[in-house]
Amino acid sequence: MSSNTDQETAPIAAPRNGSAGSVFRSFGSLFGGNNSDTNTRPQTPQSGDGYVEFGMQNPERSGRTLGTFAGVFSPVALSMFSALVFIRVGYIVGNAGLYITLLQFLIAYGILLFTVASVCAISTNGAIEGGGVYFMISRTLGLEFGGSIGTLFFFANVVGSAMAISGCTEGIMDNFGPGGHFVGDGATLPDGKWWRFLTSSIINTCQLLVCLVGAALFAKTSVIILATVTVSLVATYISFLALGGNNDKIPVPVENTYYNQSTFLPYTGLSANTLSDNLGAQYGHDYTSNNKMVDFSTTFGVLFSGVTGIMAGANMSGELKNPAKSIPWGTLSAVAFTFVAYIILSFLMSCTTPGVTMRNNYLFLMPVNAWPPFTAIGILTATFSTGLSNLIGSSRILEALSKDQVFGSLLNFVLHGTWKGNPIAAVAVSWVMVECILLIGSFNIIAQINSVLFMLSYLATNLACLGIELTGAPNFRPLFKYFTWHTCLVGLLGTLIMMFVINPIYASICIILCLILVIALHLFSPATQAAQWGSISQALMFHQVRKYLLMLDPRKDHVKFWRPQILLLVSSPRSCCPLVDFVNDLKKSGLYIIGHVIVGDFQSVEDVEENQQWWSFLDHMRVKAFTEVTLSRSIREGVQHLTRLSGIGAMKPNTIILGFYDDEPPKDFFQNGSSPYKTDDFNAGEVHNFPIRRDGDPKHFKVQEYVQILCDTLRMKKNLCLCRNFQRLDKNFIAISKHVKYIDVWPINVFNPTSGDPFDMVSLFMMQLAVIMLAKWKHLRVRIFLCETNDERTVGTFDTQSPQMEIFSKLKLQQSLKELRITADIIEIEEWSRDSDFVRHARTLKQYTAQADNTLPEDDDGDETMNRSLLYMQRANQIIRDRSDQTALSFIYLAAPPKLTTKDFAARSASYVELLTELTADLPPTILVHGVSTVTSTTL
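None of the values given here were measured: they were computed from a predicted structure. (Residues numbered from 1 in each chain as written. Predicted model: local features only at pLDDT ≥ 70, side-chain atom pairs only at ≥ 80, totals over all residues. Heavy atoms only, no water.)

1. What about the overall build of the protein chain?
And step 1. When helices and strands are tallied, the protein chain shows 33 helices and 16 strands.
And step 2. Approximately 40,800 Å² of the protein chain is accessible, and the part contributed by carbon and sulfur atoms is 58%. (Helix = DSSP H or I, 4+ residues; strand = E, 2+ residues; numbered from the N terminus. Areas by Shrake-Rupley, 256 points an atom, 1.4 Å probe, with all protein chains shown as cover.)

Laid out in structure tokens, this is it:
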């Protein structure tokens, strides 16, 4: 007779000797044992270095030299002034009117304020390194969202730099180009699309040179630049208040072809009538964008692009002495300062300058200033510093992305291109990207793209803070307390809505690009970073899963919604790969646990087996399962632990699956060259993880203990499945083969054949499993074999069954299948009723089984009874084999094992397994099934 392997059997591993190797190594790190990962060992602090003791670097030694004012307030204020303060506030007020302008500033700064609160909360919850917003988002939301948002934030800074350079170029041309304020009738700079691009490229190159010298130089000079811009702005305020109208002396720009250039634009000075005229919206044409019509979305897009600099301080986090303190206070004070400055400027413009002037000359501040060079200096310094700040920010984000290996080795050149801490290669890449954006030309178009990209990064920042706040993580204890989940939600919704208000096309493209990056990073990024940083998705899933598990009440279970919740007991994953893969299909979206028992004693355990290996095995197999490993003094005791304690709440296993107990040596699917599961990931030189029993090695437990495990499973009211011949299962072959056509169901208890209803609880459970697999193998058909038998009431009348009774039985089966909504072919088998010797042997086995159940006196001729029973099983096996040539999978009725109270249980157990061995010899992959619960329903 042929025998199968115990590769699927047995919930055991090798005992703690020989090739078993080290067991339970992973607990070593928990209980103080040795761990091979030396990187996780705490470092001994150096004498006199208090920073090292807490895992921090001394800021002076690490190049962190900037304080709050120079490192955060100045860059943020300069970035928020940008080109808007001197070039585009008039454009907004002249088109939208004072009321809508104030509303837009309130909306913009409301979004900024809520976002700043989220930034402050995250930045004060731990040490911040270089990368600013990207660092905060990636360490909070995880690798996928952090990497994708960081990439888009890199592009946002690139676009912001290009926008500032474009504004700077516009200021230069309007002052020194044809018709410029300072050139008069003398030589002028040539103007035109490509001349402006050349000028922008020169400015961009100057910024590149500053960046190559180092960001610290810009930070140290940002205070002086901010002072210059502030003086220019104050001079503008004074000019509005002190000077009267200049009697229409403001020229029309040369590029404004929409307005009559032979006339001058009016300026009234402080006037109640002018204020009254400027209160409402008067949308006109934008002469810098081919005279496109202006509306609310375009003015808000330009306005918001000018105030997106709140992250400038966070981008300098790698150079700040104390980022957790400097970022909140420096950012908030800069936001308040710029808000007041913008409101005052908008109000003064509305009181002094007619709308027609503001709509047709965006640089009208030059001729109305008491000393025009003030405005020119303010424009050039504000735009140049903003562009430089964004260029530095983009290079630092790109450097952080490369350090984190978010895109693998793609950005390794950035790391290799760093000199004395200055990411030269990242600066060069950013410079090239800015050059590409400058080809767009129009300041207002670039501004809308810039606003959408920054809003998306702000949305992610609010989402990160909202998520971590909602999870209630104990380690989220920010020093900044002035925020709640409400502020995060308002900031998130505000940015999302205003993104689409500004430009729905740009917003949709950015969101789609972000989602593509999220999916790409999820599929292709290394898993080590995700494990090191942590991911908010894990915390959110934990929060939700716990809540729904508590809501999942087992008392409300109904058979209509039954699904298999499986505990698969394995000895070694090496030898049971096909079965693990098969059960993953059988679970039908239910719970799937792979259980393993290690024989040992806690007192003798030095270290523990690394659970990481089991998770790696699940990844390798691509199955949706959990693993449970237990330590016990015996296999039976360990299986009892797993059966009773696996799962949580209402998600408990209802079906236990074991391999078959036989003598064939297991097959190593990790080493087999033709195996689809071949891998070397679990081999370390001579040492193999998950060792298996080799040919000739003794089994790890006796057949008596195996049968005891079966009895225990049924006593605990669990459905039981024994799997044999699954080393022959080839799912790929079944999927493409035209020869394999059937899933067979044998709903006859071979140990006790009867002509009663073939659909008892066990048979219904078999049918349910067969239908589940039919959903996976849609090209196969289910066959049910209706075996005609003679029970005790018809003994001796083997050939007297009436045709009417046969028709009734088949019709009854067809009706049952129809009620269960199961499509299957019914095949009638007559051997159990037509072959007298076969029936006599069946009666002998039935009597033998009754003796095992203590219902009949024992027969003295035990050997003869066993021999007849074996002959009967061999004949039954032949009947099944003859009909299994085209069978992919067989389900066979598993008779209940001998009761634990049976006399001579050891002998009865051996006989029981021997009979099952004969029954299943040389069959296709076979599952012996014994169900104990109702799993089907015929009602709605």
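2. Overview of the pattern of salt bridges
And step 1. Scanning the entire structure with this criterion turns up 12 salt bridges.
And step 2. The salt bridge involving R574 is made with D668; its shortest N-O contact spans 3.1 Å. Of this pair, R574 sits in the loop between β5 (566-569) and α23 (577-586) while D668 is found in the loop between β8 (655-659) and β9 (683-684), placing the two residues 94 residues apart along the sequence.
And step 3. Among the charged side chains, a network of salt bridges with common partners joins D581, D585 and K731. (Salt bridge = Lys/Arg side-chain N within 4 Å of Asp/Glu carboxyl O.)

3. Structural notes on the packing of aromatic side chains
And step 1. Enumeration according to the criterion identifies 34 aromatic pairs in this entry.
And step 2. Ring centres of F105 and Y109 lie 6.4 Å apart, and the angle between their planes is 40°; on these two criteria the pair is classed as tilted. Placement of the pair is F105 and Y109 together in helix α4 (residues 84-123), with a separation of 4 residues, close to one helical turn. Each member of the pair, F105 as well as Y109, carries the same accessibility label: buried.
And step 3. Between F669 and Y677 the ring centres are 6.3 Å apart and the planes differ by 85°, which places this aromatic pair in the edge-to-face class. (Phe/Tyr/Trp six-rings, centres within 6.5 Å; stacked < 30°, edge-to-face > 60°. Buried < 20%, exposed > 50% of the residue type's maximum accessible area, 1.4 Å probe, protein only.)

4. Looking at the nonpolar core
And step 1. In this structure, F240, F304, V307 and Y342 are the most contacted members of the largest nonpolar core, which totals 131 residues.
And step 2. Per element, the largest residue contribution to this core is 19 residues, and it comes from α4.
And step 3. Grouped together as the second largest cluster of nonpolar side chains are 61 residues, W562, V583, L769 and I784 included. (Core = buried A, V, L, I, M, F, W, Y, C linked by side-chain atoms within 4.5 Å.)

5. Topic: the packing of helix α18 (residues 443-471) against helix α19 (residues 485-502)
And step 1. At a minimum axis separation of 8 Å, α18 and α19 run at an interaxial angle of 155°. By the angle class used here, α18 and α19 are roughly antiparallel. Seen along the crossing, α18 lies across α19 with a hand that is left-handed.
And step 2. Looking at side-chain class alone, the contact of α18 with α19 contains 17 nonpolar, 6 polar and 1 charged residues. (Axes fitted to C-alpha atoms, helices over the stretch in contact; angles between N-to-C directions. Parallel < 35°, antiparallel > 145°, perpendicular 65-115°, else oblique. Left-handed = near helix turned anticlockwise from the far one by under 90°. Nonpolar A, V, L, I, M, F, W, Y, C, P; charged D, E, K, R; others polar.)

6. Quick look at the confidence of the model for the protein chain
And step 1. Across the protein chain, the average pLDDT comes to 80, with 81% of residues at or above 70.
And step 2. Across the protein chain, element-level confidence peaks in β5 with a mean pLDDT of 95 and bottoms out in helix α1 (residues 28-31) with 32.
And step 3. The low-confidence segment residues 1-61, where pLDDT is below 50, has 137 contacts with residues more than four positions distant or belonging to other chains.
And step 4. Note that pLDDT drops below 50 for residues 792-805; the model gives that stretch 15 contacts with residues more than four away or on any other chain. (pLDDT = per-residue confidence, 0-100. Contact = heavy atoms within 4.5 Å.)

7. Re the sheet that holds strand β13 (residues 781-787)
And step 1. The strand order across the open sheet formed by 10 strands is β7-β6-β5-β8-β11-β16-β15-β12-β13-β14, and the pairing between neighbours is mixed. The sheet is open, and its two borders are formed by β7 (626-632) and β14 (825-829), each paired with just one other strand. Neighbour-to-neighbour, the strand axes of the sheet open up by a mean angle of 25°, direction not taken into account.
And step 2. Running at roughly 145° to β7, helix α24 (residues 611-621) makes contact with β6 (592-599) and β7 of the sheet.
And step 3. Running over the sheet, helix α28 (residues 761-776) touches β8, β11 (719-724), β12 (742-746), β13, β15 (887-893) and β16 (926-930) and is turned about 160° from β15. (Pairing = 2+ DSSP bridges.)

8. Some details on the side chain of T643
And step 1. Here T643 lies in helix α25 (residues 635-645).
And step 2. Look at T643 and you get buried, because its relative accessible area is 2%.
And step 3. With sequence-adjacent residues up to four places away left out, T643 is seen in contact with L567, I656, M716 and K718.

9. Considerations on helix α20 (residues 504-524)
And step 1. Here α20 is 21 residues long and its end C-alpha atoms lie 30 Å apart, about the 30 Å a rise of 1.5 Å per residue gives.
And step 2. Along α20, the residues classified as buried are A507, C510, C514, L517, V518 and L521. One side of α20 carries all its buried residues, which in axial view fall inside an arc of 105°. Opposite the buried face of α20, at more than 90 degrees from it, the exposed residues are I505, I519, L523 and F524.
And step 3. Structurally, α20 contributes buried residues whose contacts are with α6 (143-176), α18 and α19.
And step 4. A distance of 3.1 Å separates the backbone nitrogen of I505 from a side-chain oxygen at the start of α20, and that oxygen is part of N503. (Expected span 1.5 Å × (residues − 1). Arc of directions from axis to C-beta. Polar contact = N/O pair within 3.5 Å; in protein donor to acceptor, adjacent residues only side chain to side chain.)

10. Digging into a nonpolar patch on the surface
And step 1. Taken together, the side chains of L470, W485, L489, L493, I497 and L540 define a hydrophobic patch exposed on the protein surface, amounting to about 490 Å² of accessible area.
And step 2. Considering each element in turn, the nonpolar patch owes the most residues, 4 residues, to α19. (Patch = residues over 30% accessible without salt bridge, like charges linked within 9 Å, V, L, I, M, F, W, Y side chains within 5 Å.)

11. A closer look at unusual backbone geometry
And step 1. Its identity as a non-glycine residue notwithstanding, S589 has a phi of 65°, on the positive side.
And step 2. In this structure S589 comes out as exposed when scored by relative accessible area, which is 67%.
And step 3. Positive phi is not limited to glycine here, since K717 has a value of about 60°.
And step 4. On the secondary structure map, K717 appears in the loop between α26 (703-715) and β11.

12. Structural notes on the packing of helix α7 (residues 193-213) against helix α15 (residues 373-403)
Helices that pack against each other are described as a pair by the angle of their axes relative to one another and the distance between those axes.
And step 1. Contact geometry of α7 with α15 gives a least axis separation of 10 Å together with a crossing angle of 55°. As judged from the angle between their axes, α7 and α15 are oblique. In this structure, α7 meets α15 at a crossing whose hand is right-handed. Contacts between α7 and α15 involve I203, N204, C206, Q207, L208, V210 and C211 from the first element and T383, F384, G387, L388, L391 and I392 from the second.

13. Digging into α6
And step 1. Between the first and last C-alpha of α6 there are 48 Å, a value that for 34 residues agrees with the 50 Å anticipated at 1.5 Å per step.
And step 2. By the criterion of burial, α6 is predominantly enclosed, with 31 of the 34 residues buried.

14. Looking at the environment of G472
And step 1. Structurally, the position occupied by G472 is in the loop between α18 and α19.
And step 2. A residue is classified by how much of its surface remains accessible, and G472, at 53% relative accessible area, is exposed.
And step 3. Put simply, G472 and A539 are 67 residues apart on the chain and 8.8 Å apart in space, counted from C-alpha to C-alpha.

15. A word on a positive patch on the surface
And step 1. The grouping of R563, K588, K624, K776 and K778 at the surface amounts to a positive patch.
And step 2. Within the secondary structure layout, K776 lies in helix α28. (Lys, Arg positive; Asp, Glu negative; His and termini not counted. Charge placed at Lys NZ, Arg CZ, Asp CG, Glu CD.)

16. Notes on the environment of T823
And step 1. By secondary structure assignment, the location of T823 is in the loop between α29 (803-819) and β14.
And step 2. As a C-alpha pair, T823 and V782 span 41 residues in sequence and 7.3 Å in three-dimensional space.
And step 3. Those residues within four positions of T823 in sequence are excluded, and the remaining contacts are R781 and V782.

17. As for the pairing of β6
And step 1. Counting buried positions over the 8 residues of β6 gives 7, a clear majority of the element.
And step 2. Bridge count between β5 and β6: 4 bridges; the pairing is parallel. Looking at the pairing, L567 lines up with I593 of β6.
And step 3. Traced from β5 through α23 to β6, the parallel crossover comes out right-handed. (Right-handed = clockwise from strand over helix to strand, strands pointing away.)

18. Brief notes about the state of the cysteines
And step 1. A full pass over the atoms with the stated rule returns 0 disulfides.
And step 2. Between C721, a free cysteine, and C723, which holds the nearest cysteine sulfur, the sulfur-to-sulfur gap is 6.3 Å. (Disulfide = S-S within 2.5 Å.)

19. Focus on the environment of K702
And step 1. Among the secondary structure elements, K702 is positioned in the loop between β10 (687-688) and α26.
And step 2. C-alpha of K702 to C-alpha of A906: the two residues are 204 residues apart in sequence and 9.5 Å apart in space.

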